[in-house]
Amino acid sequence: MPRVSLRHRLAATTAAAVMTLGAAVVSAAPAQAGTPGTTGATTSCPSGYACIYRGTTEASGIRDKWNRRGVYKISNYTQRHLVVNNQTGGWKIWFSRNSNGSWPDFAVYAGHPAVVDMLPFNSVSIEP
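Quick summary incoming for the structure in this document.

Rules of the game
- All residue numbers refer to positions counted from 1 along the written sequence of the respective chain.
- At least 70 in pLDDT is required for a residue's local features to be given in this predicted model, at least 80 for side-chain atom pairs to be given and counted, and no such filter applies to totals for whole chains, interfaces and linings, which use all residues.
- Working from all heavy atoms in the structure, the side-chain values ignore hydrogens and water.
- Think of it this way: any DSSP run of H or I at least four residues long counts as a helix, any run of E at least two long counts as a strand, and we number them from the N terminus.
- When a residue's accessible area, from a 1.4 Å probe over protein chains only, is under 20% of the maximum for its type it is buried; when over 50% it is exposed; and in between it is partly exposed.
- All accessible areas in this document rest on Shrake-Rupley with a 1.4 Å probe, and a residue is counted as covered only by the protein chains that are shown.
- Between Lys or Arg on one side and Asp or Glu on the other, a salt bridge is scored when a side-chain nitrogen of the former is within 4 Å of a carboxyl oxygen of the latter.
- Two strands form a pair only when DSSP identifies at least two bridges running between them.
- The convention used is that axes are lines fitted to C-alpha atoms, helices contributing only their stretch in contact, and that angles between N-to-C directions extend from 0 to 180 degrees.
- Think of a polar contact as two N or O atoms within 3.5 Å of one another; within protein, one of them needs to be a possible hydrogen donor and the other a possible acceptor, and neighboring residues in sequence only count if both atoms come from side chains.
- What counts as a disulfide here is a pair of cysteine sulfur atoms lying within 2.5 Å.

### Side note on the overall build of the protein
- Each helix and strand counted, the protein has one helix and eight strands in total.
- Classification of the 128 residues of the protein by burial places 45% in the buried group.
- A total accessible area of about 6800 Å² is found for the protein, and carbon and sulfur atoms account for 56% of it.

### So, the pattern of salt bridges
- Applying the stated criterion to the full structure yields two salt bridges.
- Between Arg63 and Asp64 there is a salt bridge whose closest N-O contact spans 3.9 Å.
- We note a salt bridge from Arg97 to Asp105, for which the minimum N-O separation is 3.3 Å.
- Given the relative accessible area of 36%, Arg97 is considered partly exposed.
- For Asp105, a relative accessible area of 14% translates into the label buried.

### Focus: the sheet that holds strand E3 (residues 70–73)
- Across the sheet, which stays open at both edges, the four strands sit in the order E3-E8-E5-E6 with antiparallel pairing between neighbours. Across the chains shown, the open sheet's two edge strands, defined by having one partner strand only, are E3 and strand E6 (106–109). Neighbour-to-neighbour, the strand axes of this sheet turn through a mean angle of 25 degrees, independent of strand direction.
- Of the pairings in the sheet, the one linking strand E5 (residues 92–96) to strand E8 (residues 123–127) comprises five bridges and is antiparallel in character. Each bridged residue has a counterpart across the sheet, and for Lys92 the counterpart in E8 is Glu127.

### A few points about the side chain of Asn67
- Following the sequence through the fold, Asn67 ends up in the loop between strand E2 (62–66) and E3.
- Exposure remark for Asn67: the relative accessible area of 5% places this residue in the buried category.
- At 3.4 Å, the side chain of Asn67 forms a polar contact with the side chain of Tyr49.

### Some remarks on unusual backbone geometry
- For Gln79, which is not glycine, the phi dihedral falls at a positive 65 degrees.
- Considering the arrangement of structural elements, one finds Gln79 in the loop between E3 and strand E4 (80–85).

### Here we look at the side chain of Gln87
- Position of Gln87 relative to the elements: it lies in the loop between E4 and E5.
- A distance of 3.2 Å separates a polar atom in the side chain of Gln87 from a polar atom in the side chain of Asn85.

### A look at the state of the cysteines
- Going through the model one piece at a time under the given rule, you end up with one disulfide.
- Residue pairing for Cys45: its cysteine sulfur links by disulfide to Cys51, the two sulfurs lying 2.0 Å apart. Taking the torsion about the sulfur-sulfur bond, which here is approximately 80 degrees, the covalent link between Cys45 and Cys51 counts as right-handed.

Have a look at this one:
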């Protein structure tokens, strides 16, 4: 299990609590085959996907979304972005400073959207 700093845990918990107050949680299906990293203009993260938005709200639109297991490099993210994990079955979206997904810093769990400072991260990993 990756080691997570207290600062990251507190930040993720606080962000999740704030976002939960203002966001409706939609039930999702487990990850399935699909197109990873597709960009869309929709405002709601589809069922079965993990999504990163262009800004800190759903109204900013989805920048990237994934619905299959794997490590995905992310780049040109600055500032804070809304992350929504709309999957079930214990699937998580892990954030890592390494480009290969190793040594992830923290995860966003299904049903707990979070606003994340994306600047230090270079990859995400979608895993059960």
